[in-house]
Amino acid sequence: MTKEEKLKQVCSQFTFKGIFDEAEPYGDGHINDTFKVTYVDDDKKPTQYILQRVNHLVFKNTVGLMENIEHVTSYLSSRITKEQQAEGYEILTLIKTKGDKSYFQDDEGNFWRAYVFVKHATGHTFAEDANMLYEAGKAFGQFQHLLSEYPAESLIETIEGFHNTIWRFKNLKHAVHEDPLLRADQCREEIQFALSREEIASTLVRGLESGAIPLRVTHNDTKINNVLLDDTTGKGRCVIDLDTVMPGSALYDYGDAIRSCGSTIAEDGENLEDLKVNFEKYEAYTKGFLEAMGRNLTPQEMKWLPLAAIIMTLECGVRFLTDYLEGDNYFKIHKENHNLIRARNQFKFVDEMEKQLDVMTEIINKYWR
Ligand code: ADP
Ligand code: MG
Ligand code: MG
């Protein structure tokens, strides 16, 4: 069977309307295989769908993951207001299989799912202007706001211990101790940088455990390309990529968004003298997020927002460094020492944010309501 025939066969399992026309790879996702599928009616009028093969090597409990998505998307659809819809905001919508299920498992064990295609909208990899980040922050804030009364503990953890910084540090220490490729001597300074912040890094995990901050439904992949922005108006249209939706903290989502968009250079940029906090972008994302979600956050969550950006960046650096020490098994590398370069970059960003904590706090206070 050719690839095209295979896709056509998978499509035939779903309740798509009309007849199959074509299926082509789509988007720039790194985790799942995504296709844009076109069906046509009798008048040759096309309807598009998104078809995805879920990466079941990353997501081992795919059935549980699909249940999370089913529950959360149907809850969101029941909560979205007419005003939000009038603004063009929509909820990612699953298309059922002919057997009325949210996924189809083929005979090779692959899981397939389908979504309504969000038209005339794009997930941008890079935010050229601050307004894009304002819109992304607002869309993720809206997402959390709509889910603020959802019983988070009823969802499964699709990746166990995803933001368990205590466990992430344990893994780093283990990698330093084992040092299978004798790389530790090359990065003593970086190891020291991380380990000296181990205590503070556990703040959010401990905060959740003690109840100091509430357990919430979190997206956990709040990169800008996971919000589709309208091609004409630039407004946030739809939050996508719900594989990592699970119980967590609102601070994870805010912190990780700032980690991924708030620096003046790329995540693996090496000119560290140029790496600063990009305050224009920081403020834009923060404004959007707090406009939509601010009133739901507790004073403790508000207080820890800037710290969350530091912790999430530190955690990411620790993961890059651990992977470097272990021999680059998890993150794909495209050049020599790539994971070490990434770790250094994240740690420099941590260092910059630590120095700018007062300014970051001031910006948050400006939008606190
Ligand atoms: P990954 O986990 O691989 O990033 P995503 O769910 O983010 O997978 O999908 C990959 C890409 O496919 C997105 O970046 C986006 O461009 C596109 N995409 C996903 N869902 C939709 C949708 N419902 N409508 C339009 N485009 C979509
Ligand atoms: Mg994505
Ligand atoms: Mg994803």
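The written sequence of each chain sets the order in which its residues are numbered from 1. A letter from A marks each chain and a number from 1 marks each ligand, given out in the order of writing. At least 70 in pLDDT is required for a residue's local features to be given in this predicted model, at least 80 for side-chain atom pairs to be given and counted, and no such filter applies to totals for whole chains, interfaces and linings, which use all residues. As a rule here, side-chain values come from all non-hydrogen atoms in the structure, and water together with hydrogens is ignored.

**Things to note about the sheet that holds strand β7 (residues 121–122)**
Selection rule: Any two strands with at least two DSSP bridges between them are considered paired. For the purposes of this entry, the term helix denotes a DSSP run of H or I that reaches at least four residues, the term strand denotes a run of E that reaches at least two, and both are numbered from the N terminus. Residues are treated as being in contact if the distance between any of their heavy atoms lies within 4.5 Å. A fitted line through C-alpha atoms represents every axis, and for helices the fit uses only the stretch in contact; the resulting angles, taken between N-to-C directions, go from 0 to 180 degrees.
The three strands are arranged β7-β9-β10 in an open sheet whose pairing can be described as antiparallel. Two strands bound the open sheet, and with one partner strand each, they are β7 and β10 (236–239). Two elements, strand β9 (residues 227–230) and β10, share three bridges in a ladder whose sense is antiparallel. The residue bridging V227 from the neighbouring strand is V239, located in β10. Contacting β9 and β10, helix α4 (residues 130–146) crosses the sheet at an angle of about 125 degrees to β9.

**Quick look at the pairing of strand β2 (residues 33–40)**
Here is the rule we go by: Each residue is placed in one exposure class: buried if its accessible area under a 1.4 Å probe, protein chains only, is under 20% of its type's maximum, exposed if it is over 50%, and partly exposed if it falls in between.
The element β2 is largely enclosed, with a buried count of seven among its eight residues. Pairing geometry for strand β1 (residues 19–25) and β2, over six bridges, is antiparallel. Within β2, the position partnered with A23 by the bridge is V37. As judged from the eight bridges shared by β2 and strand β3 (residues 46–54), these two strands associate in the antiparallel manner.

**With respect to the site of ligand 1**
As a reminder, the rule being used: Residues are classed as near a molecule or strand on a simple rule: at least one heavy atom within 4 Å of it. We call two N or O atoms a polar contact when they sit within 3.5 Å, provided that within protein one can donate a hydrogen and the other can accept it, with sequence-adjacent residues counted only if both atoms are side-chain atoms.
Taken together, 20 residues lie near ligand 1, and N32, Q52, V116, V118 and D241 sit nearest. Within the contact set of ligand 1, an oxygen atom lies 3.1 Å away from a backbone nitrogen or oxygen of I31. One of the backbone nitrogen or oxygen atoms of V116 is found 3.0 Å away from a nitrogen atom of ligand 1. Counting only elements with at least two residues in the shell around ligand 1, the list comes to β3 and β6 (111–116).

**Some remarks on the coordination of the magnesium ion (ligand 3)**
Rules: Distances define the donors: N, O and S atoms within 2.8 Å of the metal qualify, as do those within 3.2 Å of Na, K or Ca. Water is excluded, so some sites may look unfinished.
Coordination of the magnesium ion (ligand 3) by the protein is provided by D241 (OD) and D241 (OD), with metal-donor distances spanning 2.3 Å. The metal-metal distance between the magnesium ion (ligand 3) and the magnesium ion (ligand 2) is 4.0 Å, with D241 serving as a donor to both. As for its placement among the helices and strands, D241 is situated in the loop between β10 and β11 (246–248).

**Considerations on α4**
Cut-off, in case you're wondering: The span expected for a helix works out to 1.5 Å for each residue beyond the first.
In this model α4 runs 24 Å from its N-terminal to its C-terminal C-alpha over 17 residues, within 8% of the 24 Å that 1.5 Å per residue would give. Buried residues dominate α4, accounting for 15 of its 17 residues. A side-chain oxygen of the first residue of α4 lies 3.0 Å from the backbone nitrogen of N131; this N-cap is D129.

**Considering the coordination of the magnesium ion (ligand 2)**
Taken together, N226 (OD1) and D241 (OD) make up the protein donors of the magnesium ion (ligand 2), found 2.2 to 2.3 Å from the metal. A relative accessible area of 5% places N226 in the buried class.

**Things to note about the domain arrangement of the protein chain**
For clarity, the threshold we go by: Note that domain bounds follow an automatic or database assignment of domains. Computed with a 1.4 Å rolling probe, the buried area is the accessible surface lost when two parts are put together, summed over both parts. Salt-bridge detection follows one rule: a side-chain nitrogen of Lys or Arg within 4 Å of a carboxyl oxygen of Asp or Glu. Residues were grouped as follows: Ala, Val, Leu, Ile, Met, Phe, Trp, Tyr, Cys and Pro as nonpolar; Asp, Glu, Lys and Arg as charged; and all remaining residues, including Gly, as polar.
When its domains are assigned, the protein chain resolves into domain 1 (3–117) and domain 2 (130–367). On the side of domain 2, 24 residues touch domain 1, which itself brings 24 residues to the contact. Roughly 2300 Å² of surface becomes buried between domain 1 and domain 2 when both sides are summed, with 59% attributable to carbon and sulfur atoms. Among the residues domain 1 hides against domain 2, the three largest losses belong to N68, Y75 and Y89. Together they make up 27% of the total. Inspection of the region where domain 1 meets domain 2 yields four salt bridges. Between E87 and K138 there is a salt bridge; the shortest N-O distance is 4.0 Å. Our count for the domain 1 to domain 2 interface comes out at eight residue pairs in polar contact (both at pLDDT 80 or more). No other element matches helix α2 (residues 62–79), which puts 10 residues into the side of domain 1 that touches domain 2. Residues belonging to the side of domain 1 that touches domain 2 are distributed by class as follows: 11 nonpolar, eight polar and five charged.

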